[in-house]
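# Notes for the structure review
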Amino acid sequence: MSSIIQLLPDHVANQIAAGEVVQRPASVVKELLENAVDAKANDIKLIIKDAGKSLVQVIDNGVGMSVTDARLCFERHATSKIRAAEDLFSLHTKGFRGEALASIAAIAHVEMKTKQEQDELGTHLAIEGGKFVSQDVAVLPKGTSFAVKNLFFNIPARRNFLKSDTVEHRHIVDEFQRVALAHPNIHFTMYHNGSEMFNLPASNLRQRIVNIFSGKTNEKLVPIQESTEIVGIQGFVSKPEFAKKNRGEQFFFVNDRFIKSGYLHHAIMAAYEGLLKDGCQPSYFIYLDVPPNTIDINIHPTKTEIKFDDEHALYAILRSSIKHSLGQFNVAPVLDFDRDSNLDTPYEYERKEASMPLIQVDANFNPFGDPDPIPTKSYSSSSSSYSGSGSSYRKPEPSNWESLYVGLKQDTETVTDIQDIQFESEEVTGSLFNDKEIEEAIYKTYQIHKKYIVSPIKSGMVIIDQQRAHQRVLYEQFLANMTVNQASSQQLLFPLNLYFSSQEIILIFELQLSLVNTGFVFEEVKEDHVVISGIPVNVTESEVSILLEQLLSDLQDEIPESSFSQNDTIAKSMAKSLAVKTGTYLTEREQENLVNGLFACKEPNVSPFHKPTFITMSVEDLDKKFAV
């Protein structure tokens, strides 16, 4: 039998490796930005076009490369970061495998310009699909510029799997933010289709977070600082009242490298136990500094997962340090009934010198004496000197109570009998549903376990899931408002100011027209917040923030391109947020409105998420249950 095993050509091996390293344009952004950081640059520019499909360019002012290194960096497993296998456990750089540039060059058109500071001329290289096209000498500034064009040009199947420009752009922004947060001492700039999106000057960590996620973020942050033999922890967590439904603004960094860890996330959620509403997630920016020999980074191609030497100790330290910070800044309640909160002193006041208080007294003041002005003296506890000032004290004049009744005539003919006065009803109750006049129901409805509504019918009974039924009713209402009817809105006495991140503001701007059709009125949409002066009639003011957060969370993956699909997605999200929840008590009128509203829908059988809204049980089925 002949041999069937053979070595793959280099260009095929590079394309296979590219499938692991480069999944989308954001992967190219990550690799190039990390290389720029490793090159000791303090000014890095990212330029993208068409969400990275046409161009991804990273320009840095780092150390640059020699002619030999410029040619060798595109070879597989060629790296300047490590020399031996032992170096994997003493890493101080982002990259170490030497696969990224070779993988990128295999599936794109790459143009590289680089120059070292001591050289007079630099090197200009061009590669297409892993093949060197040209290499020239050029006059260049210090540093390196990588331009990656036409990604996946030779793998059309992979290019077809890319999402829309909006989604790919969001992934690129995520990678950019992760690198920028890990290195606040570097000046980062990002341009998309010729317009500047981010300009982040070198600053401290708190200012970098505020520059990326808007100025309102500053008041949400609670600082964390802890140092042990195992790990050093610093960073910020958000206050519980600013927690969101979606998992945004959650960052772990280990030795300035972004990672994902469900185990450490659980430690943070344990520290917030009892402080968060159900389903809410806090924001956090946690920086862990551990010895390089206690972690293993080489377990995933994207290097976003890390294996720790002692995870249990790390879990306990992280949880306790966050609990300590939340308690120190009076975020978490303290159950100590003998404790006097007036005696609480911040830690930083431990060695602060106390200053003598200035006391102002009037030694000659006599409340029973002459009401003439008396000079006030200001005494200092450290000196016997005083300064006089005029006092405005005056003895109050006795009021004549009889003057209050001057002009009032006691006319018995004009006195109204109190029995003839009609008062407004004291009890005003709200309703979950619009109060419409409905016909008197022939059959009475019943609510079971605050979840199901049972209504008798001729053949037996119908059992309705109240949450799914209300979702269907609201969904068709919102969809009709956006497509057919003119939605009505209620004006707010005081406009709402809602703050969002820059990416969320972009989403709201794209959805603004559809939201206006549902009844929202936007006064203005700014870089970090929106001002809402009107809301739909069936939405309360307190639900607006929750509704928009849920909508943005549902649309994080992709915004539908067509208008109908976009309206459908918005209607589903709003119906899910506003529908009556399981466990809510409904009055008889509300139950009847819900039943009538459901069977007036075009598709009453299923919810907007294709789940059954009701089941029917006939008398024959009940008879079978009792049959012996």
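Everything below is about the structure printed above this text.
My aim in this report is to walk through the structure given alongside it, one point at a time. (Residues numbered from 1 in each chain as written. Predicted model: local features only at pLDDT ≥ 70, side-chain atom pairs only at ≥ 80, totals over all residues. Heavy atoms only, no water.)

## Here's the deal with the packing of aromatic side chains
In this structure the tally under the stated criterion is 15 aromatic pairs. Centre to centre, the rings of Phe176 and Phe198 are 5.5 Å apart; their planes meet at 35°, and the pair counts as tilted. Residue Phe176 is located in helix α6 (residues 165-182), and its partner Phe198 is located in strand β8 (residues 195-200); the two are separated by 22 residues in the primary sequence. By relative accessible area, which is 1% here, Phe176 ends up buried. Looking at Phe198, the relative accessible area reads 4%, which means it is buried. Within the aromatic cluster, the residues linked to one another by ring pairs are Phe213, Phe251, Phe253, Phe258, Phe285 and Tyr287. The ring of Phe132 has Arg71 sitting right over it, with the charged end atom 3.8 Å from the ring centre. (Phe/Tyr/Trp six-rings, centres within 6.5 Å; stacked < 30°, edge-to-face > 60°. Helix = DSSP H or I, 4+ residues; strand = E, 2+ residues; numbered from the N terminus. Buried < 20%, exposed > 50% of the residue type's maximum accessible area, 1.4 Å probe, protein only. Lys NZ or Arg CZ within 6 Å of the ring centre and 35° of its normal.)

## Concerning the sheet that holds strand β12 (residues 257-259)
Pairing within the open sheet is mixed, and its five strands lie in the order β9-β10-β13-β11-β12. On the outer flanks of this sheet lie β9 (221-227) and β12, each paired with one strand and no other. Taking the axes of each pair of neighbouring strands and ignoring which way they run, one obtains an average angle of 20° across the sheet. Note: strand β11 (residues 250-254) against β12, three bridges, orientation antiparallel. For Phe252, the partnering residue across the bridge sits in β12 and is Ile259. Strand contacts of α6: β11, β12 and β13 (284-289), with the helix running at about 50° to β11, the strand carrying the most contacts. (Pairing = 2+ DSSP bridges. Axes fitted to C-alpha atoms, helices over the stretch in contact; angles between N-to-C directions. Contact = heavy atoms within 4.5 Å.)

## Focus: the sheet that holds strand β1 (residues 43-49)
Backbone hydrogen bonds are what pair the strands of a sheet, in a parallel or an antiparallel way. The eight strands are arranged β5-β4-β3-β6-β2-β1-β7-β8 in an open sheet whose pairing can be described as mixed. For this open sheet the edge positions go to β5 (131-138) and β8, each flanked by a neighbour on one side alone. Shown here is a sheet whose adjacent strand axes are inclined to one another by a mean of 10°, direction ignored. In terms of strand pairing, strand β2 (residues 55-60) meets strand β6 (residues 143-149) through six bridges, oriented antiparallel. Opposite Ile59, over in β6, you have Ser145 as the bridge partner. Sheet strands touched by α6: β1, β7 (187-192) and β8. Its angle to β7, the strand with the most contacts, is close to 170°.

## A look at the environment of Pro604
Looking at where Pro604 falls in the secondary structure, it is placed in the loop between α14 (588-599) and β25 (614-618). Through-space distance from the C-alpha of Pro604 to that of Arg472 is 7.0 Å; in sequence the pair is 132 residues apart. When sequence neighbours within four positions are dropped, the list of residues in contact with Pro604 reads Leu598, Phe599, Thr613 and Phe614.

## Points about the pattern of salt bridges
What the rule picks out here adds up to ten salt bridges. The closest approach of N and O atoms between Arg468 and Asp465, which form a salt bridge, is 3.9 Å. Arg472 is the salt-bridge partner of Glu476, the closest N and O atoms lying 3.0 Å from each other. With a gap of four residues between them, Glu476 and Arg472 both fall in helix α10 (residues 466-483), about one helical turn apart. (Salt bridge = Lys/Arg side-chain N within 4 Å of Asp/Glu carboxyl O.)

## Considering the environment of Ala571
Note that Ala571 resides in helix α13 (residues 563-578). C-alpha of Ala571 to C-alpha of Leu551: the two residues are 20 residues apart in sequence and 9.4 Å apart in space. In this structure Ala571 touches Tyr475, Phe478, Leu479 and Met482, once residues within four positions along its chain are discounted.

## Some thoughts on the packing of helix α11 (residues 502-518) against helix α12 (residues 544-554)
The N-to-C vectors of α11 and α12 enclose an angle of 105°; their axes lie 11 Å apart at closest approach. One way to sum up the angle between α11 and α12 is to call them roughly perpendicular. Of the residues in α12, those in contact with Glu504, Leu507, Ile508, Leu511 and Leu515 of α11 are Leu548, Leu551 and Leu552. Here the residues of the contact of α11 with α12 are counted per class, giving seven nonpolar, no polar and one charged. (Parallel < 35°, antiparallel > 145°, perpendicular 65-115°, else oblique. Nonpolar A, V, L, I, M, F, W, Y, C, P; charged D, E, K, R; others polar.)

## Some details on unusual backbone geometry
Located in the positive-phi region is Phe152, a residue other than glycine, with phi close to 60°. Mapping Phe152 onto the fold places it in the loop between β6 and α5 (156-160). For Asp256, which is not glycine, the phi torsion reads 65° and is therefore positive. Looking at the secondary structure, you find Asp256 in the loop between β11 and β12.

## Brief notes about the side chain of Ser455
In this structure, Ser455 sits in strand β20 (residues 452-457). The buried category is assigned to Ser455, whose relative accessible area is 10%. In this structure, Ser455 is in contact with Thr445, Met461 and Val462, ignoring residues within four places of it in sequence.

## Concerning the nonpolar core
Formed by 59 residues in total, the largest nonpolar core has its most connected members in Leu32, Ile44, Leu46, Phe74, Val148, Leu181 and Phe188. The contact partners of Leu32, leaving out residues within four places of it in the chain, are Val56, Val58, Leu101, Ile104, Phe146 and Val148. Listed in part, the 32 residues of the second largest apolar core include Leu507, Ile535, Ala575 and Ala579. (Core = buried A, V, L, I, M, F, W, Y, C linked by side-chain atoms within 4.5 Å.)

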